[in-house]
Amino acid sequence: MKQVRTTRFYHEAFQELNYPFGDFYLFDHFIISEIKEDVVFTWEHHAKQVVNDISDLYENNGKDLIYISNRVHNYAVVPSDWLKFFRYNYTLKSYVIVSQVKNSPLERLFMGSKLRTFRDIENAIVWAKATGGMQKRSHQVSA
């Protein structure tokens, strides 16, 4: 699978956040994550920090934001941790999974009709750019 850095869209990211557990690429109306190999991604140890860091860069609670999970590595997600995400009044316009393997039915349970799947990151980005809407950053940050 192709990483964001190897796509023609990489230069459009206004910021890249690198953590020991994964990399996040921030665009005007969508975010792409690439979680590292063998991570068990949880709210308390990973997602909470990312959400706090990212929420300062966008004007609202994410309701117009598309989150793309580019699953280039094998890792685990704790699907029930989405409840913690929603408990803090965060939301998403859409949740996209880019993967060559079938997705967890639990993720569909938590995300419902907001869940989209793609087998190629570039197709997911093209879709996000066309669907993205008018999400605005609250702070201009140079890449």
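For clarity, every value in this text was computed on a predicted model and none was experimentally measured.

Conventions adopted
Residues numbered from 1 in each chain as written. Predicted model: local features only at pLDDT ≥ 70, side-chain atom pairs only at ≥ 80, totals over all residues. Heavy atoms only, no water. Salt bridge = Lys/Arg side-chain N within 4 Å of Asp/Glu carboxyl O. Helix = DSSP H or I, 4+ residues; strand = E, 2+ residues; numbered from the N terminus. Buried < 20%, exposed > 50% of the residue type's maximum accessible area, 1.4 Å probe, protein only. Polar contact = N/O pair within 3.5 Å; in protein donor to acceptor, adjacent residues only side chain to side chain. Phe/Tyr/Trp six-rings, centres within 6.5 Å; stacked < 30°, edge-to-face > 60°. Pairing = 2+ DSSP bridges. Axes fitted to C-alpha atoms, helices over the stretch in contact; angles between N-to-C directions. Contact = heavy atoms within 4.5 Å.

(A) Main features of the pattern of salt bridges. What the rule picks out here adds up to four salt bridges. Measuring nitrogen to oxygen at the nearest pair gives 3.2 Å for the salt bridge that ties Lys2 to Glu122. Of this pair, Lys2 sits in the segment before strand E1 (15–19) while Glu122 is found in helix H4 (residues 121–131), placing the two residues 120 residues apart along the sequence. Overall, Glu122 belongs to the buried group, its relative accessible area being 15%.

(B) Representation of the side chain of Arg71 within the structure. Considering the arrangement of structural elements, one finds Arg71 in the loop between strand E5 (66–70) and strand E6 (76–77). The buried category is assigned to Arg71, whose relative accessible area is 17%. Within the structure, the side chain of Arg71 is placed 3.0 Å from the side chain of Ser69, a separation counted as a polar contact. In this structure the side chain of Arg71 is engaged in a polar contact, spanning 3.2 Å, whose partner is the side chain of Tyr75.

(C) Geometry of the packing of aromatic side chains. If you walk through the whole model with that rule in mind, you get seven aromatic pairs. Relative to Phe24, the ring of Phe21 lies with its centre 6.5 Å away and its plane at 75°, an arrangement referred to as edge-to-face. By relative accessible area, Phe21 is classed as buried at 7%. Owing to a relative accessible area of 0%, Phe24 belongs among the buried residues under this scheme. A network of ring pairs unites the aromatic residues Tyr19, Phe21, Phe24 and Phe41 as a single cluster.

(D) A look at the sheet that holds E5. The strand order across the open sheet formed by six strands is E1-E2-E3-E5-E7-E8, and the pairing between neighbours is mixed. In the strand order of this sheet, the two ends are held by E1 and strand E8 (115–118), each with one partner. Strand after strand, the sheet turns through a mean of 20° between neighbouring axes, direction not considered. Sitting on the sheet, H4 touches strand E3 (30–35), E5, strand E7 (94–98) and E8, and the angle it makes with E5 is about 180°.

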